[in-house]
Amino acid sequence: MKKLTNSKLAWITALPVGIFTIIIKVLQEIGFKFPIDDYMVSYGVVGVILAMFIVNIVFVATDRKTSPVHILNRNIPASLFALLSSTFITSYSVLAFIQIFQAGAINFVDLICAVLGVLSAIAFVLVALAHFQGRNYMPRMGAFLLVLPCWSCLLLINEFLKNRTNSALTIDPIKLFSLIFAMIFLYMVSMVIATVEGKNPVKACFLYGLPMAVCGVGFGAKVITSVFVSGLDFSENSLGFAFFALSFYGFSVVAELTKTLKTVDEQIVKFDAGDIDENNRMYGAEGDSLLMPEENTGDYEYDYGPSTTEAEDFVTELDYNYLEEKDKPISVAFDEEDYIVTSETDADENDDAIYVQKDKAESFESGILESRYEELSEEDNKRIDDLIAEINSNCEE
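The following paragraphs examine the structure supplied in this document. (Residues numbered from 1 in each chain as written. Predicted model: local features only at pLDDT ≥ 70, side-chain atom pairs only at ≥ 80, totals over all residues. Heavy atoms only, no water.)

## Considering the packing of helix α6 (residues 147-162) against helix α7 (residues 173-193)
The N-to-C vectors of α6 and α7 enclose an angle of 160 degrees; their axes lie 8 Å apart at closest approach. Judged by the inter-axis angle, α6 sits roughly antiparallel to α7. You can see that α6 and α7 cross each other, and the crossing is left-handed. Along its contact with α6, which presents L148, P149, S152, C153, L155, L156, E159 and F160, the element α7 presents K175, L176, L179, I180, A182, M183, L186, Y187 and S190. (Axes fitted to C-alpha atoms, helices over the stretch in contact; angles between N-to-C directions. Helix = DSSP H or I, 4+ residues; strand = E, 2+ residues; numbered from the N terminus. Parallel < 35°, antiparallel > 145°, perpendicular 65-115°, else oblique. Left-handed = near helix turned anticlockwise from the far one by under 90°. Contact = heavy atoms within 4.5 Å.)

## Thoughts on a nonpolar patch on the surface
Together, I36, Y39, M40, Y43 and L169 line one region of the surface with nonpolar side chains, adding up to about 450 Å² of accessible area. The residue L169 is located in the loop between α6 and α7 in this model. (Patch = residues over 30% accessible without salt bridge, like charges linked within 9 Å, V, L, I, M, F, W, Y side chains within 5 Å. Areas by Shrake-Rupley, 256 points an atom, 1.4 Å probe, with all protein chains shown as cover. Salt bridge = Lys/Arg side-chain N within 4 Å of Asp/Glu carboxyl O.)

## With respect to the pattern of salt bridges
Summed over the entire model, instances satisfying the criterion amount to four salt bridges. Note that D172 and K25 form a salt bridge whose closest N and O atoms lie 2.9 Å from each other. In this pair, D172 sits in the loop between α6 and α7 while K25 sits in helix α1 (residues 10-29), placing the two residues 147 residues apart along the sequence. Between E159 and K175 there is a salt bridge, with the nearest N and O atoms lying 3.0 Å from each other.

## As for helix α2 (residues 38-61)
Between its first and last C-alpha, α2 extends 35 Å over 24 residues, near the 34 Å set by a 1.5 Å rise per residue. Taken together, the buried positions of α2 are occupied by V41, S42, V45, V46, I49, M52, F53, N56, F59 and V60. (Expected span 1.5 Å × (residues − 1). Buried < 20%, exposed > 50% of the residue type's maximum accessible area, 1.4 Å probe, protein only.)

## Quick look at the side chain of S178
Tracing the sequence through the fold places S178 in helix α7. By relative accessible area, S178 is classed as buried at 0%. Not counting the four nearest positions on each side in its chain, S178 is found in contact with M212, C215, G216, F219 and F243.

Distances and angles like these do not, on their own, reveal function.
See below:
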């Protein structure tokens, strides 16, 4: 049974606030008359979401158990919603390109937003692939995933620029807060997916992901309702569709974290794959870093095949049978859920890592690092000693 960490308590506030937000935004869009002004209703909804956010800050700040690293599991809903987000973001960006060039005068902020939107759509495809396979990317991939929060940030800036002459009372704040929370959440989830070290991006996904999802479902519910009331205007509605899908992506990611995150007591330990041993007996090495030399003259069979393209790009499972004795199986058995390893082909890069559960780290280290060669016979030892003595005598001469 998984331990309950304080961060998981954020669901207690998120679910009722999410339902409340959807109901209010739908009622607003169909023209329901509230006893207060419509703009006060809009700001009231955002106020409730911010109150939820403040309560969740307390939950997350008092959480001392959650591990800062999360190894992805296969998450089909997250993968599907990431793909849907990619589709709607692509549509929104392509329509923005069309409108920019039809207008004749190019608005560079809109143009940059559209370019970043296309890049973000590509990034969401990669994110979807990571969730579908249940494999993290390597830290260097995190640099590309930064286009996701950058896109949200620039959209937010563009919204302020477009509405700088409008009254604040005419602007629905839920769209702005969707962008704000999306910007931070996408940054944090990128760190989790790309195994980038941070203070605790896993807890931050609870803190920012749930408010982003609540704002997103409210924004999306408003847009979807407007389609039934006023008809479809895809150039106006596509961003709302994108955030509706993105909100469910956020819920799916946080649900996975809730179910499978590790506590500090189970904290996975990071080993440097480049320092495992002098032979680099590791799955995914290439060229001069093959698992073992090709000259295999002993009584052992070594798996020294080069890595595949997949191994170069993804966190992959350790090849547990990299060393086998012909006559008997190896003595240390590994559970594939306990160990994964990144692969790196560039010797100058230093982001190789094996993540191991804390309670398995000692057996992992001894199992991987200890030599499995048979003890040398007395005759072999004597021959080696004689050879060393001969070398030393030649050096003295």
